[in-house]
Amino acid sequence: MAGAGVLLWDLRRLCRVLLFLSQFYILSGGESTDIPPYMMKCPSNGFCSRLPADCIECKTNFSCVYGKPVTFDCTVKPSVTCVDQDFKSRKSFVLNMTCRFCWQLPETDYECSSSTSCMAVSCPRQRYTANCTVRDHVHCLGNRTFPKMLYCNWTGGYKWSTALALSITLGGFGADRFYLGQWREGLGKLFSFGGLGIWTLLDVLLIGVGYVGPADGSLYI
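Residues numbered from 1 in each chain as written. Predicted model: local features only at pLDDT ≥ 70, side-chain atom pairs only at ≥ 80, totals over all residues. Heavy atoms only, no water.

## So, the overall build of the protein chain
Across its full length, the protein chain carries six helices and nine strands. Evaluated residue by residue, the protein chain yields a buried proportion of 29% over its 221 residues. Of the roughly 15,000 Å² of accessible surface on the protein chain, 62% is carried by carbon and sulfur atoms. (Helix = DSSP H or I, 4+ residues; strand = E, 2+ residues; numbered from the N terminus. Buried < 20%, exposed > 50% of the residue type's maximum accessible area, 1.4 Å probe, protein only. Areas by Shrake-Rupley, 256 points an atom, 1.4 Å probe, with all protein chains shown as cover.)

## Some words on the nonpolar core
In terms of nonpolar packing, the biggest core is built from 18 residues, with Leu51, Ile56, Val76, Val80 and Phe93 touching the most fellow members. The set of elements that each furnish at least two residues to this core consists of β3 (69–76) and β6 (92–98). Looking at this core element by element, the count peaks at four residues for β3. When near neighbours in sequence (up to four residues on either side) are disregarded, Val80 contacts Tyr38, Met39, Cys42, Leu51, Cys55 and Lys91. (Core = buried A, V, L, I, M, F, W, Y, C linked by side-chain atoms within 4.5 Å. Contact = heavy atoms within 4.5 Å.)

## What about the UniProt feature "transmembrane region" (unreviewed entry) in the protein chain?
UniProt annotation of "transmembrane region" (unreviewed entry) refers to residues 190–212 when read in the numbering used here. Span residues 190–212 is 74% helix and 0% strand, its end C-alpha atoms 18 Å apart. (UniProt positions renumbered as here; feature names shortened; annotations may be inferred.)

## Here we look at the state of the cysteines
Taken as a whole, this structure holds six disulfides when the rule is applied. Note on cysteine connectivity: Cys58 is disulfide-linked to Cys74, with sulfurs 1.9 Å apart. Across the disulfide from Cys58 to Cys74, rotation about the S-S bond amounts to roughly 105 degrees, and the bridge is consequently right-handed. Pair noted here: Cys58 is in strand β2 (residues 56–59) and Cys74 is in strand β3, with a separation of 16 residues, a long-range link. Cys74 gets classed as buried once you look at its relative accessible area, which sits at 2%. The disulfide partner of Cys64 is Cys99, and the S-S distance across this bridge is 1.9 Å. Every disulfide takes its handedness from the sign of the S-S torsion; for Cys64 and Cys99 that torsion is 75 degrees, giving right-handed. (Disulfide = S-S within 2.5 Å.)

## Some words on the sheet that holds strand β1 (residues 46–47)
To summarise the sheet geometry, strands pair through backbone hydrogen bonds and adopt either a parallel or an antiparallel arrangement. Strand order across the open sheet formed by three strands is β1-β4-β5, with mixed pairing between neighbours. Each edge of the open sheet is held by one strand with a lone partner, namely β1 and β5 (89–90). As paired elements, strand β4 (residues 82–83) and β5 share two bridges and run antiparallel to each other. If you follow Cys82 over to β5, its bridge partner there is Arg90. (Pairing = 2+ DSSP bridges.)

Below is the structure:
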């Protein structure tokens, strides 16, 4: 009985030692449990031809003819699995796409940052430099993130119908200008009784055609 007890104690001690060694092996980097960042975008066992660009690596040829169909040999990145049209697992496949750089894509194929620091209502209309990123499932040549000059196209929540209604009904008191954030003009209309009616009529026309807009330079909604 004593010998069995000693043997059981030795087995417990051995298990503790093995558990400690396995944990030390993992913590020291011997077995990495990190998931690559691109795996969040890569569907498991999906069609290879429909994988996002971040999940594959292709041998591109920049000498192709713009706008013409072209094929490239591609391989999936480590830990990524995909299948062909016959539902057979593949590591390499042929990708069919149109020969064009990412900055030549139509506007529906990429997303751009917006800016609220430029004047959307100005003459000439202002532009700003936006950072654009191609959508995941769209394939193209070159950098997938690129700068592009875009027209200012943001709104501060001002409604054209509200501004016009205020101009028609309470324009003589400067309510339209106050609503648009133009306090100086609003006070001028208030204390001049709408410029004796002349300023009021002009503002109805200018707001009606969209020439007078919000003071922050945004567009009407």
